[in-house]
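These are the residues of each chain, in order.
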Amino acid sequence: MSGEPRLLPLRICLVDMNNGHVNQAMRCLRGIVSTFFDRVRRHNPTLECELGEVSPRDTQNPVPRNYDLYISTGGPGSPYDGDGMPWVTDYSGFLDHVVDSSIRGGEEQSALFAICYSFEMVVRHFRLAAVVPRTERKFGVMPIYTTPEGQAHPLLRPFGDRLFAFEHRSWEAVDLDEPLLESLGGSLLARESRDGMSKGRAILGLDVTAGVEAVQFHPEADRPGVMNWVSRPEQAAAFKAAYGEVTYQAMLRTLDDPRRLARTYALVIPGWMARRFNMLAQFRGYVELPPPSESQADIFASPPIQDRPAQAASA
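Residues numbered from 1 in each chain as written. Predicted model: local features only at pLDDT ≥ 70, side-chain atom pairs only at ≥ 80, totals over all residues. Heavy atoms only, no water.

### Regarding empty space enclosed by the protein
- In total, this model carries 2 cavities of 30 Å³ or more according to the counting rule given.
- Here the second largest cavity defines a volume of roughly 40 Å³.
- What lines the second largest cavity is simply D68, L69, Q109, S110, A111, R276, M279 and L280.
- Residues of the lining of the second largest cavity, tallied by class, amount to 4 nonpolar, 2 polar and 2 charged. (1 Å grid on protein atoms, 1.4 Å probe; cavity = no way out; pocket = protein on both sides within 12 Å on 5 of 7 lines; lining within 4 Å. Points joined across faces, edges and corners; volume = space filled by probe spheres on them. Nonpolar A, V, L, I, M, F, W, Y, C, P; charged D, E, K, R; others polar.)

Right under this line is the structure:
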């Protein structure tokens, strides 16, 4: 019988903001987390890994406060749709909880990675920028331009001055309150245009404050999921009408380029999880993880895995 102390389990929660709509993102995120758990167990064979899920917008269920890492997804509709509803009040409390626990540090600290709709909710909560409707929907595989701070930040450091990611949004955050962001200890990591204006004014990536990082784009998107979307006749026609046939064909080539969308899929969320895991490892006795490998082409190109039911997130 082993005398080794039992390690605290690693608990990750997916906060599904899709309001009950069927989507590719949850499949992608379950796959990313499953692959990450496999990595964790290779270095920590006895460590229990738990995945929970909660869907606040359609169930009004609160986000549990007893997980280590949270990934909060994109979703349809306006980021103002839920104002006055219980789930919005709870989500705001959840954001404050993450910040407070991260500031306290130690073995109970938690962290959040927010995507698209959740990015907009985070920006609104911290009053960092104006969240406004776009004149036209932006969708497809697009370049994301990193700032000097983004190029130095571990989240986006591997990508140099730009990366490629799937975007699908009718809203955007503009007019960043830089003094407020600085006062929170945060920084602007990525934007829609290299110069901040010529291709659009949107803010696309933020290190917000202690424990909270957020992006407007979809780093969880894999090739099967994007192909499922861009190959639909109505979406292909809409993209061609907005951007032209040449750009549509270029986007299809981008999906097969391992230096573009595949790198984003392989490095952004897996890198964030590994970094946050290693912060916990200092206090929990875990064996730290090396950075994720960029050699993910086979995983990226593989057919979609079947949805596997995860346990409901418990309070």
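### A short note on the packing of aromatic side chains
- The full count for this structure, using the stated rule, is 8 aromatic pairs.
- Arranged with centres 4.7 Å apart and planes meeting at 65 degrees, the rings of Y70 and F94 form a pair that is edge-to-face. Taken together, the residues span a long stretch of sequence, with Y70 in strand β3 (residues 69-72) and F94 in helix α3 (residues 86-104) at a distance of 24 residues. An identical accessibility class is assigned to Y70 and F94; each is buried.
- Where F113 meets W272, the ring centres are 5.6 Å apart and the plane angle is 50 degrees; that geometry is what we call tilted. (Phe/Tyr/Trp six-rings, centres within 6.5 Å; stacked < 30°, edge-to-face > 60°. Helix = DSSP H or I, 4+ residues; strand = E, 2+ residues; numbered from the N terminus. Buried < 20%, exposed > 50% of the residue type's maximum accessible area, 1.4 Å probe, protein only.)

### Points about the side chain of S118
- Along the polypeptide, S118 turns up in helix α4 (residues 117-126).
- A polar contact of 2.6 Å, which involves the side chain of S118, links it to the side chain of S72.
- Excluding residues within four positions of it along the chain, S118 makes contact with M17, S72, T73 and Y91. (Polar contact = N/O pair within 3.5 Å; in protein donor to acceptor, adjacent residues only side chain to side chain. Contact = heavy atoms within 4.5 Å.)

### Quick word on the packing of helix α1 (residues 25-43) against helix α10 (residues 261-284)
- Running from amino to carboxyl end, α1 crosses α10 at an angle of 50 degrees, the nearest separation of the two axes being 11 Å. One way to sum up the angle between α1 and α10 is to call them oblique. Note on packing geometry: the crossing formed by α1 with α10 is right-handed. Taken together, the residues of α10 that come into contact with α1 (itself represented by L29, I32, V33, F36, R39 and V40) are Y265, I269, P270, M273, A274 and F277. (Axes fitted to C-alpha atoms, helices over the stretch in contact; angles between N-to-C directions. Parallel < 35°, antiparallel > 145°, perpendicular 65-115°, else oblique. Left-handed = near helix turned anticlockwise from the far one by under 90°.)

### Overview of the confidence of the model for the chain
- Per-residue confidence for the chain averages 90 on the pLDDT scale, and 92% of its residues sit at or above 70.
- Across residues 301-312, confidence stays below pLDDT 50; counting only partners more than four residues off in sequence or on other chains, it has 20 contacts. (pLDDT = per-residue confidence, 0-100.)

### Side note on the pairing of strand β5 (residues 130-146)
- Alignment of β5 against strand β6 (residues 162-174), held across 12 bridges, turns out to be antiparallel. When the sheet's bridge partners are listed, I144 is paired in β6 with L163.
- When β5 meets strand β7 (residues 187-191), the two strands line up antiparallel, connected through 2 bridges. The residue bridging Y145 from the neighbouring strand is R191, located in β7. (Pairing = 2+ DSSP bridges.)

### A word on the state of the cysteines
- Applying the stated criterion across every chain yields a total of 0 disulfides.
- Cysteine C49 remains unbridged, with the sulfur of C13 as its closest cysteine sulfur at 15 Å.
- Overall, the relative accessible area of 15% leaves C49 in the buried class.
- With no disulfide of its own, C116 lies 14 Å from the sulfur of C28, the closest cysteine sulfur.
- For C116, a relative accessible area of 4% translates into the label buried. (Disulfide = S-S within 2.5 Å.)

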